[in-house]
Amino acid sequence: MAEPLLKVDGLHAGYGAVEILRGIALAVDEGEIVAVLGSNGAGKTTLNNVLSGLLRAWRGSICFEGEVIANRPPQAIVERGIIQVPEGRSIFPTLTVRENLELGSYRRARARRAANFDRACAIFPRLRERLGQFAGTLSGGEQQMLAIGRAVMAEPRLLILDEPSLGLSPRLVEEMFGLIARLNEEGCTILLVEQNVMQTLTIADHAFVLENGMVTLSGSAPAVMDDATLKRSYLGI
Amino acid sequence: MVEAAIIVPAILNGLTTGAVYALVALGLTLIYGVLHIINFAHGALLMVALYGVYFLYALAGIDPYLALPIMIPAMFALGYLLQRYVIGRAGHGKDENVMLVTLGLSIVIENLALYLWSSDTRTIETAYGFATVDLGVALIAVPKAVAFVGALAITAVLWALMRWTDLGKAIRALARERRGAQLVGIDVEHLYAVSFGIGIACLGAAACLLLPSYYASPHIGSAFVLIAFTIVVLGGMGSFIGALVGGLIIGVTESLGGLFLGESLGKIGVFLIFIAVLLFRPTGLFGQRV
Ligand SMILES: Nc1ncnc2c1ncn2[C@@H]1O[C@H](COP(=O)(O)OP(=O)(O)OP(=O)(O)O)[C@@H](O)[C@H]1O
Ligand SMILES: [Mg+2]
């Protein structure tokens with residue numbers, strides 16, 4: 001069996017003295033969409049931030065392409081191709097849409113900036129119409145597109161999306177899931193954190209359910225969808 | 001009625017001084033805009049730069065203008081190291097700490113200068129020191145004309161750097177969105193230090209342009225720091241164009257104040273502007289409204 005692209009084992013992390021992640025284990029295979037589900041406060045964003053190097057891992061291992069990357073600085077992690085689109089988007093409000101996209105390739109894939117720029121504009125035609133506009137003046141949905149477009153500029157090996165459908169209209173949510181599936185078909189491995197359980201499991205290959213900083217359920221997406229516990233806790237059936 | 005023959009040269013002189021003030025203020029406003037700290041050591045570091053230019057001339061015979069390619073990188077390096085290993089480390093991310101550190105630094109630097117170089121004022125004599133250019137409406141001292149053109153040119157280069165290069169874009173990005181910057185792979189601590197270094201490099205350039213018509217002394221910094229703060233407040237904290245326009249306005253105000261009220265009282269105009277801006281337009285001319 002091939003090594004997974006990302007392998008996390010026994011991961012502990014938290015803020016100050018408060019432990020949030022309490023022994024997370026998960027794996028992401030190349031080419032997959034892997035869903036991370038869990039209710040508010042389960043530790044999903046915390047996990048993403050540890051993976052991106054924004055937050056220190058206390059214990060446990062994180063391996064990416066067979067290399068230990070736990071507690072490497074964020075820029076080293078970006079360099080290896082783990083690109084996160086965070087909750088709240090973190091676009092650069094005082095820069096133009098074009099400049100935001102350009103900075104997506106600040107650390108990685110700079111040589112192919114022009115080609116990736118065209119690609120991002122092809123994926124998000126709405127951004128192309130607004131290249132000169134300050135990113136802070138975009139609508140929420142457009143900002144989300146920009147954040148993903150900026151990530152695409154870095155040619156991610158693993159794209160981490162933290163609740164990309166948050167705050168979008170139902171129609172845009174639909175569009176967003178279609179887009180994630182399309183990015184995946186084009187070869188991008190995706191770690192997808194979501195609250196939108198049904199839609200997420202429809203496009204995902206595998207899923208991990210987080211509760212209180214621990215993985216309480218995992219398996220193939222259809223298996224997780226059938227699980228009684230999940231039905232009870234999320235879907236109310 | 002005051003003659004135009006007196007006023008025009010005063011305005012032109014004010015503009016030349018103002019351009020150099022703008023360069024000093026530009027460094028201050030850049031540091032504020034990116035690191036969100038007020039660098040109280042700005043004046044002391046300008047003083048260090050002035051001594052640097054002085055000694056390059058006095059000991060090595062290097063003309064102040066030819067010292068530009070030495071002083072700009074040297075002051076950049078000094079600023080980079082200060083931010084990376086002193087201010088950034090000692091601040092522990094708290095703004096009050098950082099203020100105290102820069103204030104402390106300025107006191108240490110000034111006293112060190114006093115100890116090493118005594119309180120004597122140092123001037124240099126250049127072949128062009130007393131030469132003038134005739135602009136038709138007025139005669140302007142050559143060093144002042146060079147300072148004006150040089151300061152504007154350096155400002156333009158800096159503007160282009162901030163506007164067009166990846167480095168400039170990354171600095172502007174970091175100024176507003178630290179997490180986003182980290183997530184595109186910007187080395188945040190390095191870039192903070194680079195920004196501080198650029199702000200201090202402005203002082204290296206200003207010192208080269210100033211010294212032929214000015215002097216170096218251990219306390220010279222404080223005079224500039226007050227003016228630079230006024231410019232930054234007038235132009236709007238963190239505003240690039242504000243620092244430039246503010247610098248020119250303050251230069252002219254000071255010059256006209258000197259003309260009408262005499263050298264010592266002339267500075268009053270500058271502080272009246274300072275107070276008026278704080279009262280009526282606290283965001284400054286080009287500041288963003290909160
Ligand atoms: N900076 C912080 N300092 C202290 N505690 C924090 C911090 N950030 C998050 N927490 C706490 O960590 C826990 C997990 O938060 P996290 O953001 O990882 O949850 P989440 O699963 O992403 O939730 P949501 O679905 O609401 O985004 C929460 O109890 C939260 O209060
Ligand atoms: Mg979250």
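Residues numbered from 1 in each chain as written. Chains lettered and ligands numbered in written order. Predicted model: local features only at pLDDT ≥ 70, side-chain atom pairs only at ≥ 80, totals over all residues. Heavy atoms only, no water.

### Let's talk about the pattern of salt bridges
Residues and elements named next belong to chain A. Scanning the entire structure with this criterion turns up 17 salt bridges over all chains. A salt bridge links Asp9 to Lys7; the shortest N-O distance between them is 3.3 Å. Residue class for Lys7 comes out partly exposed when judged on its relative accessible area of 33%. The structure contains a network of salt bridges with shared partners spanning Glu30, Glu65 and Arg157. (Salt bridge = Lys/Arg side-chain N within 4 Å of Asp/Glu carboxyl O. Buried < 20%, exposed > 50% of the residue type's maximum accessible area, 1.4 Å probe, protein only.)

### Some thoughts on the sheet that holds strand 2 (residues 18–28) of chain A
All names here are of chain A. The antiparallel open sheet is built from 4 strands, whose spatial order is 2-1-4-5. The open sheet has two edge strands with one neighbour each: strand 2 and strand 5 (67–68). Pairing of strand 1 (residues 6–15) with strand 2, which is carried by 8 bridges, proceeds in the antiparallel orientation. Among the inter-strand pairings, Lys7 is bridged to a residue of strand 2, identified as Ala27. (Pairing = 2+ DSSP bridges. Helix = DSSP H or I, 4+ residues; strand = E, 2+ residues; numbered from the N terminus.)

### Observations regarding the coordination of the magnesium ion (ligand 2)
All names here are of chain A. Donor atoms from the polypeptide that bind the magnesium ion (ligand 2) are Thr45 (OG1) and Glu87 (OE), placed at 1.9 to 2.5 Å. Residue Thr45 is found in helix 1 (residues 44–51), and its partner Glu87 is found in the loop between strand 6 (82–85) and helix 3 (97–104); the two are separated by 42 residues along the sequence. Taking relative accessible area as the criterion, Thr45 reaches 21% and is therefore assigned partly exposed. Take Glu87: its relative accessible area is 28%, and that puts it in the partly exposed class. (Donors = N, O, S within 2.8 Å, 3.2 Å for Na, K, Ca; no water.)

### Brief notes about the domain arrangement of chain A
Residues and elements named next belong to chain A. The domain architecture assigned to chain A consists of domain 1 (6–81 + 156–235) and domain 2 (91–154). Distance from the C-alpha centre of domain 1 to the C-alpha centre of domain 2: 23 Å. Roughly 1400 Å² is buried in total at the junction of domain 1 and domain 2, and carbon and sulfur atoms are behind 66% of that figure. Three residues stand out in domain 1 for area buried against domain 2, namely Pro156, Leu179 and Leu183, and they jointly supply 28% of the buried area on that side. Linking domain 1 to domain 2 there are 2 salt bridges. For Arg119, the salt bridge goes to Glu186, with nearest N and O atoms at 2.7 Å. Where domain 1 touches domain 2, the interface holds 3 residue pairs in polar contact (both at pLDDT 80 or more). For the side of domain 1 that touches domain 2, the secondary-structure elements that each account for two or more residues are helix 2 (74–80), strand 7 (158–162) and helix 7 (170–185). Of the residues belonging to the side of domain 1 that touches domain 2, the class tally is 10 nonpolar, 2 polar and 7 charged. (Domains from an automatic or database assignment. Buried area = accessible area lost by both parts, 1.4 Å probe. Polar contact = N/O pair within 3.5 Å; in protein donor to acceptor, adjacent residues only side chain to side chain. Nonpolar A, V, L, I, M, F, W, Y, C, P; charged D, E, K, R; others polar.)

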